[in-house]
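Spelled out, the chains give:
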Amino acid sequence: MVLNLGSELPPIEEIYASAQKSMFLNDPHVKRLWELSGDVGLFNKSPEYLRSLRRSLLRDSLKFFAEHSSFYAELLERLEIDPKGAELEDLAKLAVPSDMLRGEEYRRFLISDLDTEGIVFSSSGTTNNTPVRVYRSHLELAMMTRANTNLFEYVYGSRLEEGRGLALFLAAKELRNTLNFVAFVDLALQGKKIKLLYGMDLVSTTSDGSQWQKLVPSKDVIMEFFKSREEPKLLFTAPAGVHLLTKQFDGMNALKKTLSRLVAGIPPVDLGSGGVIVTGGGSKGFADLPPYGTIVENARKYFKARGRDGREVPTPFMDVLGMTETLTALIDRYGVMNKIPHPLQEVFLLDPKTYEVIEEPGKEGILGIYDPLAVSWLEVFLPGDLMKFVESERYYGREYIYVRRLTKDEGWDLQRACGGTLEELMRGRTVTQ
Amino acid sequence: MSLEPLHSGAGGLTSTSVEGQVSYLEPTAEWFSKYLSNAEKTQEGLRGLGFRRRVKVVAELGKIWMERLESGALEGLMTELVRNTGYSSAMVYNDLRFAGEVLKESNVESLIDSGLVGGWRSLEEFVEVAPGEFVANLPAGPALIIASGNSIVPPLIPAVTALVTSNVTILRPSLTNYRVVREVFKPLEDLARDIEDARILGEALTITYLSHNSKVLEYLLKEAPIRIVNYWGGEPGRSVIARSVVENPHKPRLYVNGPLTGVAVVDGASADSRLADALAREVVTYDQQLCSSPTVACLIGDYGRAVELAKEVSKYLDSYGSIHRIEVSEGWMFSLTTLRKALELNGAKVIRSSSPENPYTIVVSKGKSSFTGLNLVPLNIHSRRRFLEIIAVPTIDECVKLIKELPKTPGYAGIDGVQTVALSLADSRSKVEYLRKLSMAGVHRIVPLGESYLRTPYEPYDGEYIPRYFTRTLYFRERLAGINAST
């Protein structure tokens, strides 16, 4: 099929308008998903209710994919999965490691009659040179925006008021066309009519005769955000971004600090009533980042926020675990709740040795995610992370704690079959052929 | 890990400590230079013992080895080998037992006898091979053997062959089995004190670890008066060795035993429970790490039959695999999971074990390998364990084509070709046709299914008789009675 891929993320109004024209909205299953994606009431339901809802969606979803793609119909048959009776264990059978979505591989997972207007998101390339890529139709982007906005507001603790406040994303604007996390923030804030500033510029440079693009801070924009009296102020950044800002403030001597306060009114940066720092995207290649808790505690010295009543509160920190391949994210709020998925998203953990579903709290397992809101492909995948869960009183019944990335060694490092000689030469070579 | 060289010669050995990824002691280049300057004399001394006396010393090592194995004295080494190879304890025990077999007098004699024109006697004298025509086989060394780590048998066979054909022998085992191989020959130190034949044989043998970037290894390959280099392994080591050997002014002959694999060839009618049993045993034996181990089974018949066979093999794998339990890392398991999924999405039927101690996988494919067209192969053929692809093909011709193309098939890259065909036919009348066609497939051995790993002393290795690596054949003609000699 020919995809009509836009090079730029369209405005949210255009996405909603295009989504409304999708032929899939005539399909009762997709129509139901559309309605559920905007349903705030889901966050008040019980874990049991939501579990049952997700099971029902899974079964309808598998039926939908089998009807719209011979690839999925044959796959379900080979795996001996009957959509009518599908269970969580079947998701474990269907889940694909994200490595299988690198390059152009996403195309093989697409159904044959999908909405062809959309955008392809890519991973940042932190863990591999060939990025993971995933196609999103306008209908999916619209559902993504609705669902993620609701999840964000649940974790944030209240609704973002339309047209109030100011946001800064420490990223370049161009990245919203490729990076899922940036796009989701951009679209959600557009939906809320909250102005979003981008604090980085993508600059072309020449080095060693090659053209490169690098990110440089846009000091004027950052200062505009810092000095603004709008509230709430929402700062979106990778953990490294807020860490580096904190270090810059730390590095100012007393005189510089005083001068800066006189001229710009910082530090500290007043995020105002409802102000929050939202991190996401992991370490982004910074190997020497301190633990997240340390980043938060250090940053709170220079970034201040107030509650709705105007009194100073420890600056709220939210962290988003969202991969390119996940339509809705998992979000936590530091000191308040661990990572929690959207009510419709099925998050499961697999035993790293047996690949059976883990049902015990505290046991580390390989993260699996199934998102029924994705309708262009069956979005069930293993991103390669280890997590554990704790039981929770909230709607999901569980909250998740990130443990680490999986280490992908080959095993038997010294053993190379008949080629078992000069082993050291073999070490460190990739096993992908 | 402490890796020390072994040399029981009278002059001892001068070594230096090497620190790096692996810390070990290696003989100095100066020591090798001096040692090799006496090589001709050492080889003459060895030759002077006569074949039977040389073999007796080797056989004595074998007896000592078996006694130590049976007394439990090798438990520590077995544990180390289990850790290094990933094999089950039972498999490692068998490997050590096979080592004893290699050293047996009768087996060594058969190995040499079948490998040399003129038999073992040609090592002692000219043997008449035609009226008035004679050959004698002389040591062609000194020899450097860079051996593999998948079993201790492959390092022992060339080392023993080189010694009993009177060569100064430098053996560099793999890091995986270094200490075990060294331990096999270690009793030479004690025997050499009392037995002159052992002293002479010990003088001819040096075992040492040498890392790939060792200056001493570089010296041996590029400068030393070495005449034979026998390298067991694949890339990138093979190219490094070949480039170095070319530079050596003494022009050593390079013999490479590259990585190979096995293919089971089965006609549909023979695909019964007994065959499934044999195939499962082949998969568990050495976890398919031998060059003979079947990693593919070519079933001449329909796809349904192949699926049935896979299910049957899976039952036996459940049973054998639970006896031979192995330990896998979470990273390896994730790569295996990725590979299984990739094959499934590529259209294969995948039957898997959920036991991490017996993580077998059987892939059933139709007409061609399911690896075809796969961009992502997270476990290459050397890293896969208990992983069998059964491919249903309509004819033996298709099977031959598949065997020929295997090294170029994604997922099988890294092998030079197919060494062993493990054959099972229900109708013996088709044997002649199958053998004729398979002989065109470039394979080196055709053996009954279930016996791939079994090797008799009469067999060539990868199409070559190993004694020929280590000897040069001298031809002598007395007369050409009544024949017009061609020029």
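Please refer to the structure placed before this passage.
Let me begin by describing the structure that accompanies this report. (Residues numbered from 1 in each chain as written. Chains lettered and ligands numbered in written order. Predicted model: local features only at pLDDT ≥ 70, side-chain atom pairs only at ≥ 80, totals over all residues. Heavy atoms only, no water.)

## What about the overall build of chain B?
Stated precisely, the cut-off is as follows: Strands are runs of DSSP state E lasting at least 2 residues, helices are runs of H or I lasting at least 4, and numbering of each runs from the N terminus. Atoms counted for the radius of gyration: C-alpha only. Globule rule: 2.2 Å times the number of residues to the power 0.38. For every residue, the accessible area (1.4 Å probe, protein chains only) is compared with the maximum for its type, and the residue is labelled buried under 20%, exposed over 50%, or partly exposed between those bounds. The contact criterion used is simple: two residues touch if any of their non-hydrogen atoms lie within 4.5 Å. The accessible surface values rely on the Shrake-Rupley method and a 1.4 Å probe; as for residues, cover is taken only from the protein chains in view. Just so you know, the count uses Lys and Arg for positive and Asp and Glu for negative, and it drops His and the chain ends. Taken as the charge centre is NZ of Lys, CZ of Arg, CG of Asp or CD of Glu, depending on the residue.
Regarding its fold elements, chain B presents 17 helices and 17 strands. A compact globule built from 487 residues should have a C-alpha radius of gyration of about 23 Å, and chain B, at 24 Å, falls within 12% of that. The dimensions of chain B, computed from C-alpha atoms along their principal axes, are 65 × 65 × 45 Å. Looking at chain B as a whole, 61% of its 487 residues qualify as buried. Within chain B, residue pairs in contact and separated by at least 24 positions form 78% of the contacts whose partners lie at least 6 positions apart. With an accessible surface of roughly 18700 Å², chain B has 49% of that area assigned to carbon and sulfur atoms. Side chains of chain B carry 54 positive and 56 negative charges; the gap between the two charge centres is 3 Å.

## Remarks on the sheet that holds strand 3 (residues 127-130) of chain B
Residue and element names in this part refer to chain B. Keep this limit in mind: When DSSP finds two or more bridges between two strands, those strands count as paired. To obtain an axis, a line is fitted to C-alpha atoms, over the contacting stretch when the element is a helix, and the angle between two such axes runs from 0 to 180 degrees between their N-to-C directions.
Reading across the sheet, the three strands line up as 3-4-17 and stay open at both edges, with antiparallel pairing between neighbours. A strand with exactly one partner marks an edge of an open sheet, and here the two such strands are strand 3 and strand 17 (471-477). Direction aside, neighbouring strands of the sheet carry axes that sit 40 degrees apart on average. Where strand 3 and strand 4 (residues 133-139) come together, three bridges link them in antiparallel fashion. Across the sheet, residue alanine 130 finds its bridge partner in strand 4, namely glutamate 133.

## Side note on the packing of helix 1 (residues 29-37) of chain B against helix 11 (residues 215-222) of chain B
All names here are of chain B. Formally: Relative orientations are named as follows: roughly parallel for angles under 35 degrees, roughly antiparallel for angles over 145 degrees, roughly perpendicular for angles from 65 to 115 degrees, and oblique for any other angle. Each helix crossing is assigned a hand: it is left-handed if the near helix lies turned anticlockwise from the far helix by less than a right angle, otherwise right-handed if that turn is clockwise. Put simply, Ala, Val, Leu, Ile, Met, Phe, Trp, Tyr, Cys and Pro go in the nonpolar bin, Asp, Glu, Lys and Arg in the charged bin, and everything else, Gly too, in the polar bin.
Relative to each other, helix 1 and helix 11 sit at 30 degrees, their axes nearing to 9 Å. Relative to helix 11, the element helix 1 lies roughly parallel. Handedness of the helix 1/helix 11 crossing: right-handed. Here helix 1 contributes Ala29, Phe32, Ser33 and Leu36 to the contact with helix 11, which in turn contributes Val216, Tyr219 and Leu220. Its residues placed into classes, the contact of helix 1 with helix 11 shows six nonpolar, one polar and no charged.

## Comments concerning the packing of aromatic side chains
Rule in force here: Aromatic pairing here means that ring centres of Phe, Tyr or Trp (its six-membered ring) are within 6.5 Å. Orientation follows from the plane angle: under 30 degrees is stacked, over 60 is edge-to-face, and everything else is tilted.
Going through the model one piece at a time under the given rule, you end up with 42 aromatic pairs over all chains. Their ring planes at 10 degrees and their centres at 6.3 Å tell us that phenylalanine 169 of chain A and tyrosine 198 of chain A sit as a pair that is stacked. Placement of phenylalanine 169 of chain A in strand 5 (residues 166-172) and of tyrosine 198 of chain A in strand 6 (residues 195-207) is noted, with a sequence separation of 29 residues between them. Summarising the burial analysis for this pair, phenylalanine 169 of chain A and tyrosine 198 of chain A share the class buried. Plain terms: the ring middles of phenylalanine 371 of chain B and tyrosine 412 of chain B are 5.3 Å apart, the flat faces sit at 75 degrees to each other, and that makes the pair edge-to-face.

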